Amino acid sequence: MRHLPLLAWLSPSFPVGAYAYSHGLEWAVEDGDIRDEASLLIWLEDTLAHGAGRNDTILLACAHRAATTGDAEALAGINELALALAPSAELFLETAQQGRSFLDAVLAAWPQPDLAALAEPVDRVAYPVALGMAAAAHRISLADAAPAFLLAFAQNLVSAAIRSAPIGQTAGMRTITALMPLIRRIADEAQTANLDDLGSCLLRADLGSFQHETQYTRLFRS
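Residues numbered from 1 in each chain as written. Predicted model: local features only at pLDDT ≥ 70, side-chain atom pairs only at ≥ 80, totals over all residues. Heavy atoms only, no water.

Per an unreviewed UniProt entry, the protein carries the name Urease accessory protein UreF and comes from Terrihabitans rhizophilus. The record in UniProt for the protein states the following under Subunit (unreviewed entry): "UreD, UreF and UreG form a complex that acts as a GTP-hydrolysis-dependent molecular chaperone, activating the urease apoprotein by helping to assemble the nickel containing metallocenter of UreC. The UreE protein probably delivers the nickel." The heading Subcellular location (unreviewed entry) in the UniProt record of the protein holds the text "Cytoplasm". (UniProt positions renumbered as here; feature names shortened; annotations may be inferred.)

Structure (structure tokens):
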């Protein structure tokens, strides 16, 4: 199975430190926006459809196409834009730290010359760009990589909610199930999307990320 490494890369045990980040969800719990299963689902639907979920999947797709053709210049531009789109210092750290850790781990355990050549000049790399690069280098299709990435993103946020909100594991699994049609739709749309299709409208979550930077009690880094 060509896509088997993808399952390892997006596993919670893969050493990118995803468990340490909540993408601002911890602030939403603190402020009362997330208080039960229903409000969690609303928050996550908005995050996927109108925020980082959709944008990051498009960035992954663009990076995958650039890496497939070996276009290092285009890839550098995609990565620069991906990093610039982070609306706060914490969210910049979230994507840049995970991206660098992901590339380092993949290169160490799955050495691949094409990926090494593309990664060599890169200092800071956004997480979805890193995954797009790795998937392309290892001949994993965008059709497999995009929905897997988005599902892993949603699962990590549900895990953060279980640890910080009055939501149990069964409610978390129901939330993941409810999100799957949206995940499929966003991943399907990303197959043909380009950088001109990027855009978000999630102002409360973005402002909440700034609030989280000075939140008194915190479990997560974002």
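J.: Kindly report on the overall build of the protein, identifying the contributing residues and their values.
T.: Within the protein, the secondary structure is distributed over 11 helices and 0 strands. Reading the protein from its N end, one meets helices and strands in the order α-α-α-α-α-α-α-α-α-α-α. Relative to its length of 222 residues, the protein is compact, with a C-alpha radius of gyration of 16 Å against a globular reference of 17 Å. Expressed as a percentage of its 222 residues, the buried residues of the protein come to 50%. As displayed, the protein offers around 10,400 Å² of accessible surface, 56% of which is attributable to carbon and sulfur atoms. A gap of 5 Å separates the mean positions of the 14 positive and 25 negative side-chain charges of the protein. (Helix = DSSP H or I, 4+ residues; strand = E, 2+ residues; numbered from the N terminus. Rg over C-alpha atoms; globule rule 2.2 N^0.38 Å. Buried < 20%, exposed > 50% of the residue type's maximum accessible area, 1.4 Å probe, protein only. Areas by Shrake-Rupley, 256 points an atom, 1.4 Å probe, with all protein chains shown as cover. Lys, Arg positive; Asp, Glu negative; His and termini not counted. Charge placed at Lys NZ, Arg CZ, Asp CG, Glu CD.)

J.: Can you explain the layout of surface pockets? Please cite residues and give values.
T.: For the largest pocket, the calculated volume is near 930 Å³. Forming the boundary of the largest pocket are 45 residues, of which His23, Glu94, Gln98, Phe153 and Asn156 lie nearest the centre. Elements supplying a minimum of two residues to the lining of the largest pocket: helix H3 (37-50), helix H4 (52-68), helix H6 (89-109), helix H8 (127-137), helix H9 (142-164) and helix H11 (203-212). At 10 residues, the largest contribution of residues to the lining of the largest pocket is made by H9. Per-class residue counts for the lining of the largest pocket are 29 nonpolar, 12 polar and 4 charged. (1 Å grid on protein atoms, 1.4 Å probe; cavity = no way out; pocket = protein on both sides within 12 Å on 5 of 7 lines; lining within 4 Å. Points joined across faces, edges and corners; volume = space filled by probe spheres on them. Nonpolar A, V, L, I, M, F, W, Y, C, P; charged D, E, K, R; others polar.)

J.: Tell me about the nonpolar core, and name the residues and values.
T.: One finds Trp9, Phe102, Val129, Leu131 and Met133 to be the most contacted residues of the largest nonpolar core, which totals 47 residues. Of the residues forming this core, the biggest block, 9 residues, is contributed by H8. In this view, Phe102 contacts Trp9, Phe14, Val16, Tyr127, Ala130, Leu131 and Ala134; residues no more than four positions away in its chain are not counted. Core analysis: the next-biggest nonpolar cluster, separate from the first, contains 29 residues, Ala28, Ala52, Leu150 and Ala165 among them. (Core = buried A, V, L, I, M, F, W, Y, C linked by side-chain atoms within 4.5 Å. Contact = heavy atoms within 4.5 Å.)

J.: I'd like a description of helix H5 (residues 72-84), backed by residues and values.
T.: Along its 13 residues, H5 runs 18 Å from first to last C-alpha, staying within 8% of the 18 Å computed at 1.5 Å per residue. If you check which residues of H5 are buried, you get Leu75, Ile78, Asn79, Ala82 and Leu83. Across the axial projection of H5, the buried residues extend over an arc of 130 degrees, all falling on one side. Structural note: H5 exposes Glu73, Glu80 and Ala84 on the side pointing more than 90 degrees away from its buried face. Contact partners of the buried residues in H5: H4, H6, helix H7 (113-119) and H8. (Expected span 1.5 Å × (residues − 1). Arc of directions from axis to C-beta.)

J.: Report on the confidence of the model for the protein, specifying residues and quantitative values.
T.: Model confidence for the protein is summarised by a mean pLDDT of 93, while 99% of its residues fall at 70 or above. Looking across the protein, the model is least confident in H11, with a mean pLDDT of 85, and most confident in H4, with 98. (pLDDT = per-residue confidence, 0-100.)

J.: For the pattern of salt bridges, give the residues involved together with the corresponding values.
T.: Evaluation of the coordinates by the stated rule reveals 7 salt bridges. In this structure, Glu90 engages Arg218 in a salt bridge whose closest nitrogen and oxygen atoms are separated by 2.6 Å. Placement of the pair is Glu90 in helix H6 and Arg218 in the segment after H11, with a sequence separation of 128 residues. With a shortest N-O distance of 3.0 Å, Asp104 and Arg100 are connected by a salt bridge. You can see Asp104 and its partner Arg100 sitting in helix H6, 4 residues apart, about one turn around the helix. (Salt bridge = Lys/Arg side-chain N within 4 Å of Asp/Glu carboxyl O.)

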